[in-house]
Amino acid sequence: MPSGSENRGAKNSGAKSAKAIKAANKSAGGAKPKAGLPKQRNIPWLTIGAVIAVLALIGVLAVNLFPKYQDKAEADKFAPSSENKDPSIEIDGVVRNEYPPALHVSATQRVAYDQTPPYGGPHDATWATCTGIVYPNAIRTENAVHSLEHGAVWIAYNPNKVSDDQRDALADRVDGKSYMLMSPYPGLDSPISLQSWGHQLKLDDASDPRIGQFIAALRLNNFGVYPEVGASCSTIPGAFDPDNPPAFDGSAPGPDAVPMNGEGLAQDQGELGTGGAPGGLPGGMQLSDLQVPPAVPEAPAPAPAG
């Protein structure tokens, strides 16, 4: 039989082993972190990504919108006033000429224009719709000139000299804006040409700031720059179809064309103001009946019964 001293040795050995195991467990899993070490945090990557996306969007908008704002602010300096009736005089490259107004040709006649594109002189009795129309194809010149007489600005471009991006940039200036029209002009000697009545500016680049200056100075300039102040640019039903306008004719006008001085034509008195001066509307009206339908009279109230 084992002696008592042997039993006590076994018990002491087992107790020491238990204490060692307990101490090891505490050391492995229960040790406290050392003082001074930062606690680990979760980084909000989703929030950071959203903030970066918003900042990127703001940057893109700033890059695209600021130049347009700057261009508009610069163009506004050329707005006409009673002190400066024709600010286009200050725009480099603008050429000016004076033409007699209200000289009309028929839909089959041509005019021997002295400028390409023309910006004044005899023209068709029907104006081209100029309510911010971007014509995909070239239109009849004689109709476009009449639109200038109403205070519109016509942007013409050579389709072989203007890229798609430049054409789109020009269209942005015209699309949906009243008293503006745009169309290709085959054979044009410059990439871009701007016309208002008696004024022209030829350019090479759609980003040229003079485009905005020209429009600001001459579109609807009511200080005697164009003949028919207050005239409409709206479509004349049955006379001009903006979806199917009269076609452009780039051939030589021929010997029977109407000369620039309007020889053989009489000025349309309906388009002349008091005393034969330009500036009135047809028939002395404020707006043509073709653009503004007459008001429908109200039905009389029924008579009281009895």
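What you see is a predicted model, and the numbers here were worked out from it, not measured in a lab.

J.: An account of a nonpolar patch on the surface is needed here, citing residue identities and associated values.
T.: A grouping of I43, W45, I48 and I52 is seen on the molecular surface, where their side chains present a nonpolar patch of about 440 Å² in accessible area. Summarising the element assignment, I43 is placed in the loop between α1 (4-29) and α2 (45-75). Residue I43 is classed as partly exposed on the basis of its relative accessible area of 48%.

J.: Quick one: what's the story with the packing of aromatic side chains, residue by residue and with numbers?
T.: Under the counting rule described, the total for this entry stands at five aromatic pairs. Judged by centre distance (6.5 Å) and plane angle (90°), the ring pair of Y135 and F240 falls under edge-to-face. Taken together, the positions of Y135 in the loop between β4 (131-134) and α3 (141-149) and F240 in the segment after α5 (210-218) put the pair 105 residues apart, joining distant regions of the chain. For the pair Y135 and F240, a shared accessibility class is recorded, and that class is buried. Aromatic ring contacts, followed pair by pair, group Y99, Y119 and W197 into a single cluster.

J.: Kindly report on the pairing of strand β6 (residues 180-184), identifying the contributing residues and their values.
T.: When you tally the buried positions in β6, you get five out of five residues, the bulk of the element. Residues M180, M182 and P184 line one face of β6 and the alternating positions L181 and S183 line the opposite face, and both faces are buried. Taken together, the three bridges between β4 and β6 define a ladder with parallel strand orientation. Among the inter-strand pairings, I133 is bridged to a residue of β6, identified as L181. With helix α4 (residues 164-174) bridging strand β5 (residues 153-157) and its parallel neighbour β6, the resulting β-α-β unit is right-handed.

J.: Break down the state of the cysteines for me, with residues and values.
T.: The final tally for this structure, using the stated rule, is one disulfide. Disulfide pairing is shown between C130 and C233; the S-S distance is 1.8 Å. One quick way to see it: the torsion about the S-S bond of C130 and C233 is about -95°, and its sign makes the bridge left-handed. Of this pair, C130 sits in the loop between β3 (123-124) and β4 while C233 sits in the segment after α5, placing them 103 residues apart in sequence. Residues C130 and C233 agree in their burial class; the two are buried.

J.: So, the confidence of the model for the protein: which residues are in play, and what are the values?
T.: Atom-level detail of predicted coordinates should not be read off regions where pLDDT is low. Per-residue confidence for the protein gives a mean pLDDT of 83; residues scoring 70 or more make up 72%. Scored below 50 in pLDDT, residues 279-302 makes 33 contacts in the model with residues more than four places away or belonging to other chains.

J.: Outline the pattern of salt bridges, supporting the account with residue identities and numerical values.
T.: Taken as a whole and assessed by the stated rule, the structure comprises eight salt bridges. For D124, the salt bridge goes to R140, with nearest N and O atoms at 2.6 Å. Here D124, found in strand β3, pairs with R140, found in the loop between β4 and α3; they are 16 residues apart in sequence, far enough to count as distant. An identical accessibility class is assigned to D124 and R140; each is buried. Here R167 ties to D164 by a salt bridge, and the two come within 3.0 Å at their closest N and O atoms. Highlighted residues: R167 and D164, both in helix α4, separated by three residues, approximately one helical turn. What you see here is one network of salt bridges that share partners, running through D92, D208 and R210.

Cut-offs and rules
Residues numbered from 1 in each chain as written. Predicted model: local features only at pLDDT ≥ 70, side-chain atom pairs only at ≥ 80, totals over all residues. Heavy atoms only, no water. Patch = residues over 30% accessible without salt bridge, like charges linked within 9 Å, V, L, I, M, F, W, Y side chains within 5 Å. Areas by Shrake-Rupley, 256 points an atom, 1.4 Å probe, with all protein chains shown as cover. Salt bridge = Lys/Arg side-chain N within 4 Å of Asp/Glu carboxyl O. Helix = DSSP H or I, 4+ residues; strand = E, 2+ residues; numbered from the N terminus. Buried < 20%, exposed > 50% of the residue type's maximum accessible area, 1.4 Å probe, protein only. Phe/Tyr/Trp six-rings, centres within 6.5 Å; stacked < 30°, edge-to-face > 60°. Pairing = 2+ DSSP bridges. Right-handed = clockwise from strand over helix to strand, strands pointing away. Disulfide = S-S within 2.5 Å. pLDDT = per-residue confidence, 0-100. Contact = heavy atoms within 4.5 Å.

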